[in-house]
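Fold and geometry: a report
One letter stands for each residue in the lines below.
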Amino acid sequence: MRVLTGLQPSGDLHIGNYFGAIKQMIEAQNSNEMFIFIANYHAMTSLQDGEKLKENSLKTAAAFLSLGIDPQKSVFWLQSDIKEVIELYWILSQFTPMGLLERAHSYKDKIAKGLSASHGLFSYPVLMAADILLFDARVVPVGKDQIQHVEIARDIALKVNNEWGEIFVLPQARIDEQVAVVVGTDGAKMSKSYQNTIDIFASQKLLKKQIASIVTDSTALNVPKDYKNCNVFKIIKLFLDEIEQKNLQARYQKGGEGYGHFKMYLNELVNDYFKEAREKYDEFLENPSHLKEILDFGAQKASKIAKEKMQKIYEKIGL
Ligand code: ADP
Ligand code: TRP
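Residues numbered from 1 in each chain as written. Chains lettered and ligands numbered in written order. Predicted model: local features only at pLDDT ≥ 70, side-chain atom pairs only at ≥ 80, totals over all residues. Heavy atoms only, no water.

Evaluation of the coordinates by the stated rule reveals two cavities of 30 Å³ or more. Along the walls of the largest cavity sit Leu101, Ala104, Ser106, Tyr107, Lys110, Leu121, Phe122, Tyr124, Pro125 and His149, which together make up its complete lining. Those elements giving two or more residues to the lining of the largest cavity turn out to be α6 (105-112), α7 (119-122) and α8 (124-134). For the lining of the largest cavity, the leading source of residues is α6, giving three residues. Grouping the amino acids of the lining of the largest cavity by side-chain chemistry returns seven nonpolar, two polar and one charged. Considering only enclosed or pocket space, the second largest cavity measures out at about 40 Å³ in volume. Every residue lining the second largest cavity is listed: Phe37, Trp77, Gln79, Ile82, Val85, Asp131 and Phe135. (1 Å grid on protein atoms, 1.4 Å probe; cavity = no way out; pocket = protein on both sides within 12 Å on 5 of 7 lines; lining within 4 Å. Points joined across faces, edges and corners; volume = space filled by probe spheres on them. Helix = DSSP H or I, 4+ residues; strand = E, 2+ residues; numbered from the N terminus. Nonpolar A, V, L, I, M, F, W, Y, C, P; charged D, E, K, R; others polar.)

Spelled out as structure tokens, the structure:
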């Protein structure tokens, strides 16, 4: 099955992203035909600083590769390396009713947050439809906020198919309902926008600071503690198997250890878990030409498929 997803190159990844999405993506590479790209055209809607966009794109590519995206198993590329997507975006625009875009929640939310109401931001879902339809993707794994965009892509595909015959595969959004929400340092959902994250590639100093900021109650050191409602426990759990979780529960119930001890334990676990990924990440960033080679390799594979698809579309639209 062909599965496609775009990754926003928007800064640092946190463990909520990892346990909520990236881990599943890495595992899915073994049983699906995965198409994964860095959505740098989309990122332009909120970032117009060229240096920064380039840096964020490379960092995001390095992060995903070091966490386990395998360019031999998946097609992994930088969105802007395949120019056909912009051409298809324009063609699809002719089939996109204004009303469809006017109803997009994400656009309204971004305007409410202070982004300027540009045409780029407004037509963002059409570019996303082009990403999806160009590669005949059937399944599109996304976070909840992106479901409507996949539905818009499907609506556009239906409209074109009505006109031209079955040219596009109808895509379906997939959200992983089984994945639990990872809590942040304040106990709310971990999210960049709430500044309550624990970042995968943070420096030792920042990691310590983020973990230290996890909100706990004020139970004294020697008193037994309630692991069920403890934010530190909720986060540590992600890194432990069942037996290890039981052991930790026992430590909470016994008393004699403070939250500082459990935070130290979490710090060690995060370091161990992401040790290899962090080393690879640093290597990639020290050697951007290697990173570029990997992205070029992916772009070549993506380009072949995109060009074949566009040939069919040119015939229909008269180009
Ligand atoms: P953020 O909220 O930090 O901006 P994104 O919206 O960029 O995160 O999410 C990227 C992916 O990571 C999505 O698939 C989303 O469902 C997943 N994700 C983000 N935060 C969490 C979380 N706290 N728990 C589980 N999954 C998460
Ligand atoms: N808009 C998506 C996000 O913010 C990223 C994205 C761009 C995407 N094009 C896509 C996701 C195509 C899935 C399919 O997360």
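The local shell around ligand 1 holds 13 residues, among which His14, Val182, Met190, Ser191 and Lys192 are the closest. In this structure, an oxygen atom belonging to ligand 1 sits 3.1 Å away from a side-chain N or O atom of Asn17. Surface burial for ligand 1 is 75%, taken as the share of its 540 Å² of free accessible area covered by protein chains. (Near = heavy atom within 4 Å. Polar contact = N/O pair within 3.5 Å; in protein donor to acceptor, adjacent residues only side chain to side chain. Areas by Shrake-Rupley, 256 points an atom, 1.4 Å probe, with all protein chains shown as cover.)

Next up on the list: the site of ligand 2. In the neighbourhood of ligand 2, 14 residues make up the surrounding shell, with Gly6, Gln8, Tyr124, Asp131 and Gln146 lying closest. At a separation of 2.7 Å, a nitrogen atom of ligand 2 approaches a polar side-chain atom of Tyr124. For ligand 2, a nitrogen atom lies 2.7 Å from a polar atom in the side chain of Asp131. In the complex, 90% of the free accessible area of ligand 2, which totals 360 Å², lies under the protein chains. Where the shell around ligand 2 is concerned, the elements lending two or more residues are β1 (2-7) and α8. Counting residues per element, the shell around ligand 2 draws most heavily on α8, which supplies four residues. Broken down by class, the residue content of the shell around ligand 2 amounts to eight nonpolar, five polar and one charged.

Scanning the model with the defined rule gives 19 aromatic pairs in all. Arranged with centres 4.9 Å apart and planes meeting at 70°, the rings of Tyr273 and Phe274 form a pair that is edge-to-face. On the basis of relative accessibility, which here comes to 35%, the residue Tyr273 falls in the partly exposed class. Members of the aromatic cluster, each reached through a chain of ring pairs, are Tyr18, Phe19, Phe239, Tyr273 and Phe274. Stacked on the ring of Tyr124, the Lys or Arg Lys110 has its end atom at 4.1 Å from the ring centre. (Phe/Tyr/Trp six-rings, centres within 6.5 Å; stacked < 30°, edge-to-face > 60°. Buried < 20%, exposed > 50% of the residue type's maximum accessible area, 1.4 Å probe, protein only. Lys NZ or Arg CZ within 6 Å of the ring centre and 35° of its normal.)

Moving on, we come to α8. Taking burial as the measure, the eleven residues of α8 include eleven buried ones, the bulk of the element. Burial in α8 covers these residues: Tyr124, Pro125, Val126, Leu127, Met128, Ala129, Ala130, Asp131, Ile132, Leu133 and Leu134. Of the residues flanking the end of α8, it is Asp136, one or two places downstream, whose phi is positive at about 55°.

The next point concerns the side chain of Thr5. Mapped onto the elements of the fold, Thr5 is located in strand β1. Within the structure, Thr5 has its side chain in polar contact with the backbone oxygen of Pro141 (distance 2.8 Å). When sequence neighbours within four positions are dropped, the list of residues in contact with Thr5 reads Met25, Phe35, Ile36, Phe37 and Pro141. (Contact = heavy atoms within 4.5 Å.)

Let us look at unusual backbone geometry. Of note, the phi angle at Asp136 is positive, near 55°, even though the residue is not glycine. Here Asp136 lies in the loop between α8 and β4 (139-141). The backbone of Gln195 shows a phi angle near 50°, a positive value even though the residue is not glycine. Within the fold, Gln195 resides in the loop between β5 (172-174) and α10 (204-212). Gln195 sits in the exposed class, given a relative accessible area of 74%.

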